[in-house]
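# Commentary on secondary and tertiary structure
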Amino acid sequence: TAAAALRPQPAPRTTTKLRAAAAPPDEIARRRNFAIISHPDAGKTTLTEKLLLYGDAIQQAGMVKARANGRDSTSDFLAMEKERGISISSTCLTFEYGGARINLMDTPGHADFSEDTYRTLSAADNAVMLVDGGKGLEPQTRKLFGVARRSNLPVFTFVNKLDRPAMSPWEVLDEISAEFNLETAVRTFPIGDGERFRGVYDAAKDEVWLYTRTERGKKASVERISWEDRDEISEKIGDEELDAQLEEDREMIRELTPPLDDEKLKKGEMTSVYFGSAMGDQGVEPFLDEFIDLGSRPASRPLRDDKTLEPSHSEFAGFVFKMQANLDPKHRDCMAYVRVVSGTFRKGMKVIHGRTGRSLTLATATMLFGSDRDGVEEAFPGDVIGLNNPAGGLFQIGDALHTGSSVAFEPIPSFSPEVFGYLRPTEVGASRKSFAKGVDQLLAEGAVQRLKERGNDGPDPLLAAVGELQFEVVVDRMQGEYGVSCAVERVSYTIARWCRPELPADEAWAAVDAAKKEGALTGAFYAEDMFGRPVLLFRNAYTVERLENDADLDL
Ligand code: GDP
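Here the structure is a predicted model, which means the values were calculated and not measured.

### Thoughts on the sheet that holds strand 5 (residues 155-160)
Judged by pairing direction, the sheet is mixed, and its seven strands sit side by side in the order 2-3-1-4-5-11-6 without closing on themselves. Edge positions in the open sheet fall to strand 2 (92-97) and strand 6 (183-186), since each of these has one partner strand only. Here the strands of the sheet are splayed against their neighbours by 30 degrees on average, with no regard to which way each runs. Note: strand 2 against strand 3 (residues 100-105), six bridges, orientation antiparallel. Bridged to Thr 94 within strand 3 is Asn 103. This element, helix 6 (residues 169-180), spans strand 4 (127-132), strand 5, strand 6 and strand 11 (270-275) of the sheet and lies at about 145 degrees to strand 6.

### Details of the site of the ligand
Close to the ligand lie 16 residues; Gly 43, Lys 44, Thr 45, Thr 46 and Met 279 are nearest. Considering each element in turn, the shell around the ligand owes the most residues, three residues, to helix 2 (residues 44-54). Residues that form the shell around the ligand fall into these classes: four nonpolar, six polar and six charged.

### Structural notes on the environment of Arg 454
Turning to its location among the elements, Arg 454 is positioned in the loop between strand 25 (449-453) and strand 26 (462-465). Residues Arg 454 and Arg 164, spaced 290 residues apart in sequence, show a C-alpha to C-alpha distance of 57 Å. If we ignore the near neighbours within four places in the chain, the residues touching Arg 454 are Tyr 526, Ala 527 and Glu 528.

### Quick look at the sheet that holds strand 10 (residues 221-226)
The strand order across the open sheet built from four strands is 7-8-9-10, with neighbouring strands paired in antiparallel fashion. The sheet is open, and its two edges are formed by strand 7 (188-191) and strand 10, each paired on a single side. The average undirected angle you get between the axes of adjacent strands in this sheet is 25 degrees. Two elements, strand 8 (residues 199-202) and strand 9 (residues 207-212), share four bridges in a ladder whose sense is antiparallel. Paired with Tyr 201 across the strands is Val 208, a residue of strand 9. Set on the sheet, helix 7 (residues 230-237) makes contact with strand 7, strand 9 and strand 10; between it and strand 10 the angle comes to about 145 degrees. Sheet strands touched by helix 8 (residues 240-256): strand 7 and strand 8. Its angle to strand 7, the strand with the most contacts, is close to 160 degrees.

### As for helix 11 (residues 432-444)
Across its 13 residues, helix 11 extends 18 Å between first and last C-alpha, which sits within 8% of the 18 Å expected from 1.5 Å per residue. For helix 11, the full list of buried residues reads Phe 435, Gly 438, Val 439, Gln 441, Leu 442, Leu 443 and Ala 444. On its buried face, helix 11 sits against strand 14 (317-325), strand 15 (334-342), strand 24 (419-425), strand 25 and helix 12 (468-482).

### Thoughts on the confidence of the model for the chain
Per-residue confidence for the chain gives a mean pLDDT of 83; residues scoring 70 or more make up 82%. Scored below 50 in pLDDT, residues 12-17 shows four contacts in the model against residues more than four places distant or in partner chains. In the model, residues 57-90 has pLDDT below 50 throughout and makes 65 contacts with residues more than four positions away in sequence or in other chains. Among the prediction metrics, the complex's ipTM stands at 0.99, with pTM recorded as 0.78.

Conventions and cut-offs
- Residues numbered from 1 in each chain as written.
- Predicted model: local features only at pLDDT ≥ 70, side-chain atom pairs only at ≥ 80, totals over all residues.
- Pairing = 2+ DSSP bridges.
- Helix = DSSP H or I, 4+ residues; strand = E, 2+ residues; numbered from the N terminus.
- Axes fitted to C-alpha atoms, helices over the stretch in contact; angles between N-to-C directions.
- Contact = placed C-beta atoms within 7 Å.
- Near = placed C-beta within 6 Å.
- Nonpolar A, V, L, I, M, F, W, Y, C, P; charged D, E, K, R; others polar.
- Expected span 1.5 Å × (residues − 1).
- Buried ≥ 20, exposed ≤ 12 C-beta atoms within 10 Å, placed from the backbone.
- pLDDT = per-residue confidence, 0-100.

Structural data, given as structure tokens:
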């Protein structure tokens with residue numbers, strides 16, 4: 001149940017087991033995590049399934065045919081869960097492959113969820129950019145790439161659906177380098193496309209991977225042939241035109257494309273590029289192998305005072321990057337997802353909740369393995385653990401948990417909201433209790449912020465979101481999960497500015513009031529955020545600009 005994580009526990013029999021400890025270096029070194037950024041339909045679900053198949057987590061990946069309907073892409077995974085009777089969460093899937101422990105962090109698929117995505121990317125060490133080979137870059141790819149760039153993540157690009165008629169691979173590469181100002185290191189390159197797609201040329205190993213079509217959902221059978229056996233390659237391809245094209249492409253790759261530069265890749269200045277078909281399981285293995293090889297290890301995290309926290313630090317520390325209500329529809333629960341940054345997490349361990357200073361015993365934590373939702377005994381830097389948020393709510397996005405001396409992580413930057421409105425029940429006699437509970441839990445997820453008008457203590461919250469769709473999701477879920485039909489009554493502001501956010505709330509308000517007295521704040525709507533800090537709402541950029549010139553408010 002929700003409070004289980006925090007229920008007082010009998011003293012553990014051995015104290016040594018729960019002492020703070022550094023993580024074993026080899027456990028840190030073998031961890032790789034990544035988040036996939038892609039446009040809806042590019043094949044994220046399909047690729048995820050295939051990767052799990054490599055991890056031997058699911059013996060035979062079934063085809064999933066369920067589309068998101070209103071809720072974010074969590075429904076992809078939740079639908080998978082239903083369809084196959086296995087437990088998969090939207091937030092992080094873990095599998096073992098080739099000695100590595102891989103954590104795949106899900107990102108929401110909708111354009112309106114860029115803030116949620118940003119937080120997930122802020123907890124990841126690598127990004128995989130999935131591109132539909134028939135379409136090239138699409139709006140959501142562009143938007144999410146922008147987010148990944150802000151986090152300076154290494155980006156691995158997988159160009160998918162080569163088993164369908166595709167754009168010229170060279171054109172795709174040009175698009176990426178021109179639009180994203182990113183050097184492209186070709187690591188695998190397709191041999192043919194559509195009906196004639198035969199496999200990929202592996203530039204790093206100078207060999208080809210030729211595939212024979214197999215039953216859907218099974219690992220494709222593959223033959224790897226070194227370029228030294230050139231005749232055998234021609235023979236196996238059995239298509240003169242394709243063979244000549246391969247010869248030419250190989251020359252071009254070797255002569256004209258930049259070699260992989262590990263440093264540039266790690267800094268996000270270069271992307272390594274792979275081609276294939278997630279559905280046909282072609283080109284996935286060389287991609288995964290390289291990802292294990294080249295992907296960033298769990299990295300250090302910036303702290304507030306210009307220091308960084310290293311994964312090898314001797315105390316446990318982590319931060320909450322995502323909240324999710326009602327994962328299990330049978331229980332009104334809310335999970336807080338914690339990215340482990342340093343030290344060893346052990347079940348039953350006592351940690352300090354940074355924001356409140358409370359001491360908590362983490363009696364239960366979950367981690368999602370390919371096919372099971374498992375209780376976690378131990379977790380190390382780079383892992384994600386799920387903690388039940390007790391009823392009433394304790395955790396918030398950005399919260400630190402730690403043993404030893406206090407740790408203040410750099411805050412996760414948030415996007416400025418652009419749409420605002422009051423959430424109100426639409427039926428007379430609606431349960432205020434359910435309404436309040438739904439508001440508390442859904443808003444704790446952080447996709448939508450809760451504001452209130454200064455001096456107005458009415459029960460209906462003023463919501464602030466980055467996009468309209470987030471309101472629709474709240475309304476939908478209030479109905480579906482809490483049985484309260486609601487509507488959002490929009491107000492016509494488009495810009496929110498936090499005033500003097502570095503000050504405590506009362507001092508920030510004093511600054512606002514001083515400016516107001518001088519007549520500097522005409523046209524502003526006075527609101528406060530959940531911490532009571534002043535947030536001014538404006539109708540347009542012009543008013544903000546004028547104020548920035550007139551009032552000393554750091555808007
Ligand atoms: P998501 O929205 O990014 O999760 O995309 P899905 O994995 O649900 O895939 C969208 C559609 O594209 C589905 O119909 C998939 O079967 C199909 N698809 C995914 N990968 C491939 C591929 O490699 N080749 C082909 N032909 N279809 C694919």
